[in-house]
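Summary of structural features
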Amino acid sequence: MSFSAFKYIYMEKRIRVRFAPSPTGPLHIGGVRTALFNYLFARHHGGDFLLRIEDTDQTRYVPGAEEYIMEALDWCGITIDEGPREGGPHAPYRQSERKEIYAAYAQQLVDSGHAYFAFDTADELDVLRSAAEAKGETFTYNNVSRNQLINSLSLTAAECAERIGRGDHYVIRFKMPDHVMVEKTDLIRGNVRFNTDQLDDKVLYKSDGMPTYHLANVVDDHLMEITHVIRGEEWLPSLPLHVLLYKAFGWEDTMPEFSHLPLILKPAGKGKLSKRDGDQLGFPVFPLAWKDPVTGDVSRGYREDGYLRDGFINMLSLLGWNPGTEQEIFSMQELIAGFTLERVGKSGSRFDPEKTRWFNHQYMMRTAADELVEMFMPLLAARGIATDRDLVLKVVGMVRERCTFVQEIWDQGFFFFEAPQGYDEKIVAKRWKDDVPEMMAEIARFFGQVVIWEPVALKNEFSSFVNQKGWNFGTIMNSLRLCLVGGSFGPDIFEICGVLGKEESIRRIEVAVQKIIPA
RNA sequence: GGUCCGUUCAUCUAAGGGUUAGGAUUCAAGAUUUUCAUUCUUGCCAUAGGGGUUCGAAUCCCCUACGGACUACCA
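What comes next is a walk through the structure. All of these numbers come straight from a predicted model, not from anything done at the bench.

Two numbers describe how helix H17 (residues 436-449) lies on helix H19 (residues 473-485): the axes approach to 11 Å, and their chain directions differ by 75°. With respect to H19, the element H17 is oriented roughly perpendicular. Every residue of H19 that contacts H17 at Val 436, Met 439, Met 440, Ile 443 and Phe 447 is listed here: Thr 475, Ile 476, Ser 479, Leu 480 and Cys 483.

Right, here's the structure in full:
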């Protein structure tokens, strides 16, 4: 065992992971899950979670995307230890601000013979690509083609110096070695092997003076002392390049461990989950709503759609990970305690909007009532309803289990805030027979005599009253409900009466008797 | 096309050679709730196919099929 391995295992090197999104738009739930798994892994091991913005492609930069990413992580309860906003010992955490760092490392690779300058323009390469395609072949910039192309391997040193001297644009490419088997253990998938003969000479440093992802991520992960790279499966094909880069830099001893997360797939059909799926099937694919700065299109978000943060996280955590037990409701603390990479699956998970709704319903029943009130008050305000917290708290307590989303609290309990505007016709047809108005009127008079206006007492008194009258309970209760709420829904009748108060309850019965035309 | 990864109920998944293949969601039926919801009970439904290895395979190996990712001076 090498000393470094010894050190790694026994000295309990501090675990450091990073979430490294590109600010090209809103974070997709796949990205949120990647962030979550990184975060859970870091916290489980008492390590650090960093946010690094990979904005090396200026052409794809989208204003507001970076802020969106941070706000989304904030909403999710994923706290960042080091990042562009938080700062930290390895600042800056935005790659565009680290531009100068990469040039030297690229040069180091050229000097050591692991990379070379290439002067072919993007247009020239496009021509070669389409020509190859026309012949049914694929053009690859690699060990067989590079000698026929324009680069510091095919040119003399003087020619290169001249081109660089006169300001020709160039890129720096990795010189992929011949006949090498690159083998690496992925913590989720086990051993993966690649033959370098199948790989190409990837661009490491672009002609605009920016590094590509490949160079920047390896350099930064090294500099930032990242111990574990946990990223999406789409990166697996570039793993051999990254491993080779660590070796070329002489950083093999501190190379991080790699784990590639399975993809999140469409609910139906083929392929990975996309924004279109959400639009078509009516569920958000983004944590927060997003307005495209160019088109002005607005995409819905979990937060705005009334999903609860903890339920959203719980649902995401189970997409690809499982605890090995039958528990499925987890707080963030429980997720942290239970999360291990060993229990992350290898196969892609189809996203299930139905299960997501189920989770939300579960959390509607579990979330602290105060929190629900906090979310619901603005919705009331938007409807122009001014009311006090105490009433809202009571209402939330009574209707929460009937709701899947926060906004449904209104559908299930609007009658606590305003008298019903109309009466459900189906229920009227079913319950409002000719003799009902008179019975309701009697009930109103009975209510007027009740002294202790409190659900349990009221129920008892009301029951004896109805029994004494010899009325049918089912008819009475349902008709009474119709008077109070306008339909056939809502919590216990006597609970409703209790909150509405004696006068209002009576008033609603009287109004109903006036307004409802017997079927 | 090439490289790599994957494949257990419709969906999320458990079972790392020996279980009637377990749980959850959805759906259906019933009980409770004099509405609805909750809760509870029950039911339907799976090891992609074919070969091995083994006393014994969802589990290990091979082939096929299917799915996916990647194949840019994007990440």
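There is more to say after this.
Another point: the sheet that holds strand E7 (residues 203-205). Sheet strands associate in pairs through backbone hydrogen bonding, adopting either a parallel or an antiparallel arrangement. The three strands lie next to each other as E3-E4-E7, forming an open sheet whose pairing is antiparallel. Two strands bound the open sheet, and with one partner strand each, they are strand E3 (115-118) and E7. With strand direction ignored, the average angle separating the axes of adjacent strands in the sheet is 45°. Two elements, strand E4 (residues 171-174) and E7, share two bridges in a ladder whose sense is antiparallel. Residue pairing in the sheet places Ile 172 in a bridge with Tyr 205 of E7. Along the sheet face, helix H4 (residues 99-111) touches E3, E4 and E7 and points at about 105° away from the line of E3.

Attention now goes to the side chain of Ser 349. Relative to the elements of secondary structure, Ser 349 occurs in strand E13 (residues 349-350). Filtering out sequence-adjacent residues up to four positions away, Ser 349 remains in contact with Leu 263, Ile 264, Leu 265, Leu 319 and Gly 320.

Take the pattern of salt bridges next. If charged atoms from side chains of opposite charge come close, those side chains can pair. Counted by the stated rule, this structure contains 38 salt bridges. Taken together, the shared-partner salt bridges connect Arg 18, Arg 52, Glu 54, Arg 98, Asp 220 and Asp 221 into one network.

Estimated volume of the largest pocket: approximately 1000 Å³. Lining the largest pocket are 37 residues, with Ala 20, Pro 21, Ser 22, Glu 234 and Trp 235 sitting closest to its centre. Those elements giving two or more residues to the lining of the largest pocket turn out to be strand E1 (16-19), helix H2 (29-44), helix H7 (213-223) and strand E8 (228-232). Residue contributions to the lining of the largest pocket peak at five residues, all from H2. Tallied by class, residues from the lining of the largest pocket come to 13 nonpolar, 14 polar and 10 charged. Size it by volume and the second largest pocket reaches roughly 340 Å³. Lining the second largest pocket we find 18 residues, and of these Ala 122, Leu 125, Val 171, Arg 173 and Val 203 sit closest to its centre. Going through the elements one at a time, helix H5 (122-134) and E4 are the ones with two or more residues in the lining of the second largest pocket. With four residues, the single largest contributor to the lining of the second largest pocket is H5. In terms of residue class, the lining of the second largest pocket is built from eight nonpolar, three polar and seven charged.

Calculation notes
- Residues numbered from 1 in each chain as written.
- Chains lettered and ligands numbered in written order.
- Predicted model: local features only at pLDDT ≥ 70, side-chain atom pairs only at ≥ 80, totals over all residues.
- Heavy atoms only, no water.
- Axes fitted to C-alpha atoms, helices over the stretch in contact; angles between N-to-C directions.
- Helix = DSSP H or I, 4+ residues; strand = E, 2+ residues; numbered from the N terminus.
- Parallel < 35°, antiparallel > 145°, perpendicular 65-115°, else oblique.
- Contact = heavy atoms within 4.5 Å.
- Pairing = 2+ DSSP bridges.
- Salt bridge = Lys/Arg side-chain N within 4 Å of Asp/Glu carboxyl O.
- 1 Å grid on protein atoms, 1.4 Å probe; cavity = no way out; pocket = protein on both sides within 12 Å on 5 of 7 lines; lining within 4 Å.
- Points joined across faces, edges and corners; volume = space filled by probe spheres on them.
- Nonpolar A, V, L, I, M, F, W, Y, C, P; charged D, E, K, R; others polar.

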